[in-house]
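The lines below spell out each chain.
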Amino acid sequence: MVYAVSQYFCIEIKLQIMNRRSFLKRVSGYALATAGVMTGIGDVFAGTMPAKENQSNGFSGNQNPSRDIEYRNLGGMKVTAIGLGCLPMVGYYGGKYEKKDMIALIRRAYDQGVTLFDTAEVYGPYTSEEWVGEALAPFRDKVKIETKFGFGVEEGQPTALNSQPAHIRRAVEGSLKRLHTDYIDLLYQHRVDPKVPMEEVAGVVKDLMQEGKVLHWGLSEASARSIRRAHAVCPLSAVQSEYAIWWREPETKIFPTLQELGIGFVPYCPLGRAFLTGIIHENSRFQKGDRRYNLPQFQPEALKHNMPLVYLVQEWAKRKGVTPAQFALIWMLSRKPWIVPIPGTTNPIHLDDFLGASSVRLTPYEMEEFDKEYAAIDLMGHRADPFTESQIDK
């Protein structure tokens, strides 16, 4: 009798696993079909009005049920208008942070309505994925996790590009394990690998989607040419790139392509690595271990030269009744309805601050007025150091 009961439960568990995998395959198939339908209707996509919901999650008591949550569409994937970048938590800008504190921070973001969380295998490496996976495990089906492959982490070469098909599969299996999940909502190629044809990369990801392990996919720091090549094989849901008030190159390089193809845009460093918040000034200096240490924009001469932009942001923040960090996000969210920034932080106060940008927008007239004032400011310094720049697809 005991054996029969045990056998029954084993069969039941196997059926549940098989049914879940079949379901994920169907979801991935739907994502591919949806992205395909969206291709070529950029004008309709760009004109979509943002959806809002009143959401209460009730996990740890920090939720704000009165906050209106705006949702946006990333190539068929519905997410909150502001996501959370989970790179700074591993000490990217210096400092060492406790796992329990960062897990609490991620859950605090969820409690406040955030549904998009960004990580990558190379962040740590591995640490960010592990913390994100543990933090979101209690409500995995209510959030979207995006992660990335593309660096030789497993080979002990975390700064070398690697998008070989076998490596992609190994990277995805590792990410699934660390994230405590059996599917990745959005998988990015972290950097375009010039040694591997884009069509080959897209084909591998398409297979992973058909297997139900990946639901949506995208590229990071990719050129318009690479975006088109990838999209032709397996429709992209999003492209990620650095973008902020003081770094607007994507507007001319890839925005027209994204709008034409109906692809969402996920900007990282939307607060200018904290420069736009006003906490950095012309006398700020950065030590080794802080990513800003060797970036041209953060050298002493550039900091002093670029302070007029900080003053402009502060003036407009005061005019709109928001903080500078909120204004930097409001400016971005007001430009296109398919932009979903992922500011990162290690501080719950800063988290609460930038999430306050969800309910204020600039009018078209205000956007034009700001741009005129912005155009009068001369900015100094490139966004990346030479090595980082060499790995950015042109």
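Please read all numbers here as calculations on a predicted model, not as lab measurements. (Residues numbered from 1 in each chain as written. Predicted model: local features only at pLDDT ≥ 70, side-chain atom pairs only at ≥ 80, totals over all residues. Heavy atoms only, no water.)

Draft legend 1. Structural view of helix α7 (residues 224-233). By the burial criterion, the buried members of α7 are Ser226, Ile227, Ala230 and His231. Down the axis of α7, the sector holding all buried residues measures 125 degrees, keeping them to one side. Among the exposed residues of α7, those oriented more than 90 degrees off its buried face are Arg225 and Ala232. Summarising the contacts, the buried residues of α7 are in contact with α6 (198-210), β10 (214-220), β11 (238-242) and α9 (255-261). (Buried < 20%, exposed > 50% of the residue type's maximum accessible area, 1.4 Å probe, protein only. Helix = DSSP H or I, 4+ residues; strand = E, 2+ residues; numbered from the N terminus. Arc of directions from axis to C-beta. Contact = heavy atoms within 4.5 Å.)

Draft legend 2. Representation of the side chain of His216 within the structure. Mapped onto the fold, His216 is located in strand β10. There is a polar contact of 3.1 Å between the side chain of His216 and the side chain of Ser237. (Polar contact = N/O pair within 3.5 Å; in protein donor to acceptor, adjacent residues only side chain to side chain.)

Draft legend 3. The pattern of salt bridges, seen in detail. On inspection of all chains with the given rule, the structure shows 30 salt bridges. Notably, a salt bridge pairs Asp118 with Lys148, separated by 2.9 Å at the nearest N-O pair. Note that Asp118 is positioned in strand β5 (residues 116-118) and Lys148 in strand β6 (residues 144-149), a separation of 30 residues in sequence. Given the relative accessible area of 3%, Asp118 is considered buried. What makes Lys148 buried here is its relative accessible area of 0%. The partner of Glu221 in a salt bridge is Arg383, and the shortest N-O contact between them spans 2.7 Å. Linking Glu221 in the loop between β10 and α7 with Arg383 in the loop between α13 (364-375) and α14 (386-390), this pair joins segments that are 162 residues apart in sequence. As far as the burial class goes, Glu221 and Arg383 line up, both buried. Overlapping salt bridges, with partners in common, bring together Arg169, Glu173, Glu211 and Lys213 in one network. (Salt bridge = Lys/Arg side-chain N within 4 Å of Asp/Glu carboxyl O.)

Draft legend 4. Fine view of the nonpolar core. The biggest cluster of nonpolar side chains holds 93 residues, and the ones touching the most others in it are Leu84, Trp217, Ile227, Ile245 and Phe327. Apart from residues lying up to four places away in sequence, Leu84 is in contact with Met89, Ile106, Ala109, Val114, Leu116, Phe117, Asp118, Ile342, Pro343, Thr345, Leu351 and Phe354. Counting residues in hydrophobic clusters, the runner-up holds twelve residues, among them Leu74, Val266, Cys269 and Ile342. (Core = buried A, V, L, I, M, F, W, Y, C linked by side-chain atoms within 4.5 Å.)

Draft legend 5. Highlighting the sheet that holds strand β9 (residues 184-189). Ordered in space as β4-β5-β6-β9-β10-β11-β12, the seven strands form an open sheet in which the pairing is parallel. Since the sheet does not close on itself, it has two edges, and those belong to β4 (84-85) and β12 (264-268), each with one partner. As judged from the five bridges shared by β11 and β12, these two strands associate in the parallel manner. Along β12, the bridge assignment pairs Ala238 with Gly264. Where α6 meets the sheet, its contacts fall on β6, β9 and β10, and the angle it forms with β10 comes to roughly 155 degrees. (Pairing = 2+ DSSP bridges. Axes fitted to C-alpha atoms, helices over the stretch in contact; angles between N-to-C directions.)

Draft legend 6. Broad picture of the packing of helix α10 (residues 300-320) against α13. In contact at an axis separation of 11 Å, α10 and α13 are set at 155 degrees when each is read in the N-to-C sense. One finds that α10 runs roughly antiparallel with respect to α13. Handedness of the α10/α13 crossing: right-handed. Counted together, Leu309, Leu312, Trp316, Arg319 and Lys320 of α10 and Glu366, Glu369, Phe370, Glu373 and Tyr374 of α13 form the full contact between these two elements. (Parallel < 35°, antiparallel > 145°, perpendicular 65-115°, else oblique. Left-handed = near helix turned anticlockwise from the far one by under 90°.)

Draft legend 7. Representation of the packing of α6 against α7. Taken N-terminus to C-terminus, the directions of α6 and α7 make an angle of 40 degrees; their axes are 8 Å apart at the nearest point. The orientation of α6 with respect to α7, classified from their angle, is oblique. With respect to the hand of their crossing, α6 and α7 are arranged in right-handed fashion. Contacts between α6 and α7 pair Met198, Glu199, Ala202, Gly203 and Lys206 from the former with Ser226, Arg229, Ala230 and Val233 from the latter. Along the lines of polarity and charge, the residues of the contact of α6 with α7 split into four nonpolar, two polar and three charged. (Nonpolar A, V, L, I, M, F, W, Y, C, P; charged D, E, K, R; others polar.)

Draft legend 8. Seen up close, the pairing of β9. Within β9, six of the six residues are buried, which leaves the element mostly enclosed by the surrounding structure. Bridge analysis of β6 against β9 gives four bridges, and the strand direction is parallel. Opposite Phe149, over in β9, you have Gln189 as the bridge partner. With five bridges connecting them, β9 and β10 associate as parallel partners. Across the sheet, the residue bridging to Leu187 is Trp217, located in β10. Regarding topology, α6 serves as the crossover connection from β9 to the parallel β10, and that connection is right-handed. (Right-handed = clockwise from strand over helix to strand, strands pointing away.)

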